[in-house]
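# Survey of secondary and tertiary structure
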Amino acid sequence: MNLRPLHDRVIVKRLENETKTASGIVIPDNAAEKPDQGEVLAVGPGKKNDKGELSPVSVKVGDRVLFGKYSGQTVKLNGDELLVMKEEDLFAVVEK
């Protein structure tokens, strides 16, 4: 990856939702909601606390995470749509 996040920022790629309902109805792309799950592609070194010590980011590359619908800043890189967000914008890590 050509992006290296700074401080406590995380780069996430959205995971695609199913575009077909259980009954077989296909949902068009423009009507489908953006998913709120993604995979962590890169993490920054961490944030400095009040004492000047570096607090590392608690997620790692490859983690599946939950985040808010409008969290992060969208960037395009090599045709991929990625999100850059602070670690505090993440809600949870999905355990496998």
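The sections below set out a description of the structure shown in this document.

Procedures and definitions
Residues numbered from 1 in each chain as written. Predicted model: local features only at pLDDT ≥ 70, side-chain atom pairs only at ≥ 80, totals over all residues. Heavy atoms only, no water. Helix = DSSP H or I, 4+ residues; strand = E, 2+ residues; numbered from the N terminus. Buried < 20%, exposed > 50% of the residue type's maximum accessible area, 1.4 Å probe, protein only. Polar contact = N/O pair within 3.5 Å; in protein donor to acceptor, adjacent residues only side chain to side chain. Core = buried A, V, L, I, M, F, W, Y, C linked by side-chain atoms within 4.5 Å. Contact = heavy atoms within 4.5 Å. Pairing = 2+ DSSP bridges. Axes fitted to C-alpha atoms, helices over the stretch in contact; angles between N-to-C directions.

Quick look at the environment of Ser71 now. With respect to the element layout, Ser71 can be found in the loop between strand 5 (64–67) and strand 6 (73–77). For Ser71, a relative accessible area of 14% puts it in the buried group. C-alpha separation for the pair Ser71 and Leu90, spaced 19 residues apart in sequence, amounts to 8.3 Å. Engagement of the side chain of Ser71 in a polar contact is seen with the backbone nitrogen of Gly68, the distance being 3.2 Å.

Among the nonpolar cores identified, the biggest contains 10 residues, and these are Val10, Val12, Val40, Val57, Val59, Val65, Phe67, Leu83, Met85 and Leu90. Mapped onto this core, the elements with two or more residues apiece are strand 1 (9–14), strand 5 and strand 7 (80–86). The contact partners of Val59, leaving out residues within four places of it in the chain, are Val10, Val40, Val43, Val65, Glu87, Leu90 and Val93.

Mapped onto the elements, Tyr70 comes out in the loop between strand 5 and strand 6. Between the alpha carbons of Tyr70 and Asp36 there is a distance of 8.8 Å; along the sequence they are 34 residues apart.

The next point concerns the sheet that holds strand 1. Reading across the sheet, the 6 strands line up as 6-7-1-2-5-8 and stay open at both edges, with antiparallel pairing between neighbours. Pairing within the sheet leaves two strands with one partner each, and these edge strands are strand 6 and strand 8 (90–94). Between one strand and the next, the sheet's axes are offset by a mean angle of 40°, whatever the strand orientation. Both strand 5 and strand 8 contribute to a ladder of 4 bridges, which runs antiparallel. Pairing of Phe67 across the sheet is with Leu90, part of strand 8.

With that settled, the discussion passes to the environment of Val65. Along the chain, Val65 falls in strand 5. Residue Val65 is classed as buried on the basis of its relative accessible area of 0%. The residues touching Val65, leaving out its near neighbours within four places in the chain, are Val12, Asp36, Gln37, Gly38, Val40, Val59, Leu90, Ala92 and Val93.

In this structure, strand 1 lies alongside strand 2 (residues 37–43), joined through 5 bridges in antiparallel fashion. In the sheet register, Ile11 faces strand 2, and the bridge partner there is Ala42. Pairing geometry for strand 2 and strand 5, over 3 bridges, is antiparallel. Looking across to strand 5, one finds that Gln37 is bridged to Leu66.

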